[in-house]
Amino acid sequence: MTSSAAPAIPGHPFFAYRDGQLFAGDVSVAQLAAQYGTPLFVYSQAAMRHALDGYRRGFAGHQVKIHYAVKANSNLAILQFFAREGCGFDIVSLGELQRVLAAGARPEDVVFSGVGKTRHEMRVALTHGIGCFNVESVPELHVLNQVAGELGVQAPISLRVNPDVDPQTHPYISTGLKGNKFGISHQDAVATFALAASLPHLRVRGIDSHIGSQITTEAPFLDALDRLLDIVEQVEAAGIPIHHIDCGGGLGIHYSDQLPPATETLWQKMFAKAQARGFADRAFMVEPGRSLVGNAGICLTEVLYLKPGEEKNFCIVDAAMNDLPRPAMYEAFHAIVPVQQASEADATAAVVYDVVGPVCESGDWLGRDRALHVAPGDWLAVCSAGAYCMSMASQYNTRPKATEILVDGSTAHCIRQRDDFAALVAGEILL
Ligand SMILES: *Cc1c(COP(=O)(O)O)cnc(C)c1O
């Protein structure tokens, strides 16, 4: 953060205005937009470190390993940053395994989640010697046992249990309720641990749960921990030791007026509970994604056209649902702010627009009913764009995936170049 009292974007202390111009660290984002073009993702390394430090302070005095959830933002340089900070990784595919290895991760620092791991993915992960498979079903246990047997190894496993806790978030990003495809049900957990312990090519290491994403209250995390500890007690009473307790990810970030609990406070409460129940000395793990990168990124976009309408005014920009899929997928809210602040007189002349992209879909909107004072050629910043934006981006409408920049103090590293035509058609074959 800079020492000046520059006004920051709410929830984004590392993106602030200096003399009316938006800065990331000590870098003017308008300069980046001019140099690299738009749409342009700009990430703040200081913001990611700040988010990590919140976890570290909350964990003080305890044994906790952070496994960054790669799917939130899987750019190689971002992964490299987390590897250098000593984090492990939570992956959900072979591609993500290859990414983290390419970024410098040690295989033993990788946990593999997901309901649909293939035999091939299991084989490659076992050959590399990853730290743990988070197994989500009984059939998966049997297949992993078989694949490990064929390789003559024992697979380290944890069982993902479904604590049946309502995280009170969007249904598409809620994963810990009964009617959900994820994990092993609470009632079946003990029997499934017994089965896992009986299979010769598996080694039971831990228990895990991940109840959803963008959770903005403490209660679901504390309730899920209680449920997990209940199961650990029963499983250990049955003679199966549990080495680690993995509490998953899911902590929310600031998008609009929702204020998630501070990471540090949440984890102090989690450990107070663990302490009260006699588990404070155990090895814990977490798998945060969004809360480490979400507020560390913005997406810069240029205003192309202003189109007044009878019912709505449209502000048409050059970023779209292929760059920022969350509004189209979950009707998610991203704050949209100007790169150059309007003067007070201009701000009172703001017009209410729907901010939309050029893609041929009515679902292609980035923000609804936003008061803006803009003209074609102006740049806007779409906020909270560090998580589940570029990692979900596509080339729909044959639009190139955007350039990405990582700002560290006054240095701007280009960490991804915009797709060129060769990248857009890579792998395609003419008749
Ligand atoms: C997506 C996911 C995470 C990360 O979730 P966030 O909400 O981004 O923190 C962690 N663990 C598992 C198993 C996941 O699927």
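Predicted, not measured: the structure shown is a model, and the values here were computed from it.

Chemist: Pulling in residues and values, what's your account of the overall build of the chain?
Modeler: Counting secondary structure elements, the chain contains 13 helices and 22 strands. Here the chain has a C-alpha radius of gyration of 23 Å; the compact-globule value for 431 residues is 22 Å, and the two agree. Seen along its three principal axes, the alpha-carbon backbone of the chain occupies a region of about 70 × 60 × 45 Å. Put simply, the chain has 431 residues, and 53% of those count as buried. Once local pairs closer than 6 in sequence are excluded, the contacts in the chain between residues at least 24 apart make up 69%. Here the chain has roughly 18,200 Å² of accessible surface; of this, 52% comes from carbon and sulfur atoms.

Chemist: Can you explain the environment of proline 167? Please cite residues and give values.
Modeler: On the secondary structure map, proline 167 appears in the loop between strand 10 (155-162) and strand 11 (184-185). Under the relative-accessibility criterion, proline 167 is labelled buried at 1%. When the C-alpha atoms of proline 167 and glycine 20 are compared, they prove to be 39 Å apart, with 147 residues separating the residues in sequence.

Chemist: A description of the UniProt feature "active site" (unreviewed entry) in the chain should follow, citing residues and the corresponding values.
Modeler: Mapped onto the present numbering, the UniProt feature "active site" (unreviewed entry) falls at Cys360. Mapping cysteine 360 onto the fold places it in the loop between strand 18 (351-356) and strand 19 (365-372). For cysteine 360, a relative accessible area of 65% gives the class exposed.

Chemist: Which residues make up helix 8 (residues 219-237), and what values go with them?
Modeler: Residues spaced three or four apart along an α-helix face the same direction, because each turn holds 3.6 residues. Its 19 residues give helix 8 an end-to-end C-alpha distance of 27 Å, which sits within 8% of 27 Å, the value for a rise of 1.5 Å per residue. Along helix 8, the positions that sit buried rather than exposed are Pro220, Phe221, Leu222, Ala224, Leu225, Leu228, Leu229, Ile231, Val232 and Val235. For helix 8, the secondary structure elements touched by its buried residues are strand 10, helix 7 (189-198), strand 12 (202-208), strand 13 (244-246), helix 9 (263-276) and strand 14 (283-286). Phi turns positive one or two residues past the end of helix 8, at glycine 239, with a value near 90 degrees.

Chemist: Can you explain the site of the ligand? Please cite residues and give values.
Modeler: The local shell around the ligand holds 14 residues, among which Lys71, Ser213, Glu287, Arg290 and Tyr388 are the closest. In the environment of the ligand, a nitrogen atom lies 3.3 Å from a nitrogen or oxygen atom belonging to the side chain of aspartate 90. In this structure, glycine 250 approaches the ligand through a main-chain N or O atom, which is 2.8 Å from an oxygen atom. If you map the ligand onto the pockets, it falls in the largest pocket. Of the residues that constitute the shell around the ligand, the class distribution is 3 nonpolar, 6 polar and 5 charged.

Chemist: Please give an account of the sheet that holds strand 4 (residues 27-28) that cites residues and values.
Modeler: Read from one edge to the other, the open sheet built from 4 strands follows the order 1-2-3-4, with strand pairing classed as antiparallel. Two strands in the sheet have a free side with no partner beyond their single neighbour: strand 1 (8-9) and strand 4. The pairing of strand 1 with strand 2 (residues 12-18) spans 2 bridges and is antiparallel. Bridging across to strand 2, alanine 8 finds its partner in alanine 16.

Chemist: An account of the state of the cysteines is requested, with residue identities and associated values reported.
Modeler: Counted under the stated rule, the structure contains 0 disulfides. Note on cysteine 132: no disulfide assigned, nearest cysteine sulfur contributed by cysteine 247 at a separation of 14 Å. Of the residues examined, cysteine 132 reaches a relative accessible area of 1% and is grouped as buried. Cysteine 315 provides the cysteine sulfur closest to cysteine 360, a residue in no disulfide bond, and the two sulfurs are 18 Å apart.

Chemist: Which residues make up the packing of helix 6 (residues 138-151) against helix 7, and what are the values?
Modeler: Two elements in contact, helix 6 and helix 7, have axes separated by 11 Å at closest approach and are oriented at 10 degrees. When the axis of helix 6 is compared with that of helix 7, the two are roughly parallel. For the pair helix 6 and helix 7, the contacting residues are Val138, Leu141 and His142 in the first and Thr192, Leu195 and Ala196 in the second.

Chemist: Account for the environment of serine 44, naming residues and giving values.
Modeler: Here serine 44 shows up in strand 5 (residues 40-44). The spatial distance from the C-alpha of serine 44 to the C-alpha of alanine 412 is 9.4 Å, given a sequence separation of 368 residues. Here serine 44 is in contact with Phe14, Phe15, Ala296, Leu406 and Val407, once residues within four sequence places are set aside.

Chemist: Give a detailed account of the UniProt feature "binding site: substrate" (unreviewed entry) in the chain, specifying residues and quantitative values.
Modeler: Here the UniProt-annotated "binding site: substrate" (unreviewed entry) positions come out as Arg290, Arg326, Tyr330, Glu361 and Tyr388. Maximum C-alpha separation among the annotated residues is 26.8 Å over a sequence range of 99 residues, too wide for a single clustered spot. From this annotated list, the subset lining the largest pocket comprises Arg290, Tyr330 and Tyr388. Tracing the backbone shows glutamate 361 in the loop between strand 18 and strand 19. Excluding residues that lie within four positions of it along the chain, glutamate 361 makes contacts with Met321 and Tyr396. Its location among the elements puts tyrosine 388 in the loop between strand 20 (379-382) and strand 21 (403-408).

What counts, and where the lines are drawn
Residues numbered from 1 in each chain as written. Predicted model: local features only at pLDDT ≥ 70, side-chain atom pairs only at ≥ 80, totals over all residues. Heavy atoms only, no water. Helix = DSSP H or I, 4+ residues; strand = E, 2+ residues; numbered from the N terminus. Rg over C-alpha atoms; globule rule 2.2 N^0.38 Å. Buried < 20%, exposed > 50% of the residue type's maximum accessible area, 1.4 Å probe, protein only. Contact = heavy atoms within 4.5 Å. Areas by Shrake-Rupley, 256 points an atom, 1.4 Å probe, with all protein chains shown as cover. UniProt positions renumbered as here; feature names shortened; annotations may be inferred. Expected span 1.5 Å × (residues − 1). Near = heavy atom within 4 Å. Polar contact = N/O pair within 3.5 Å; in protein donor to acceptor, adjacent residues only side chain to side chain. 1 Å grid on protein atoms, 1.4 Å probe; cavity = no way out; pocket = protein on both sides within 12 Å on 5 of 7 lines; lining within 4 Å. Sits in = over half its atoms within 2 Å of the grid points. Nonpolar A, V, L, I, M, F, W, Y, C, P; charged D, E, K, R; others polar. Pairing = 2+ DSSP bridges. Disulfide = S-S within 2.5 Å. Axes fitted to C-alpha atoms, helices over the stretch in contact; angles between N-to-C directions. Parallel < 35°, antiparallel > 145°, perpendicular 65-115°, else oblique.

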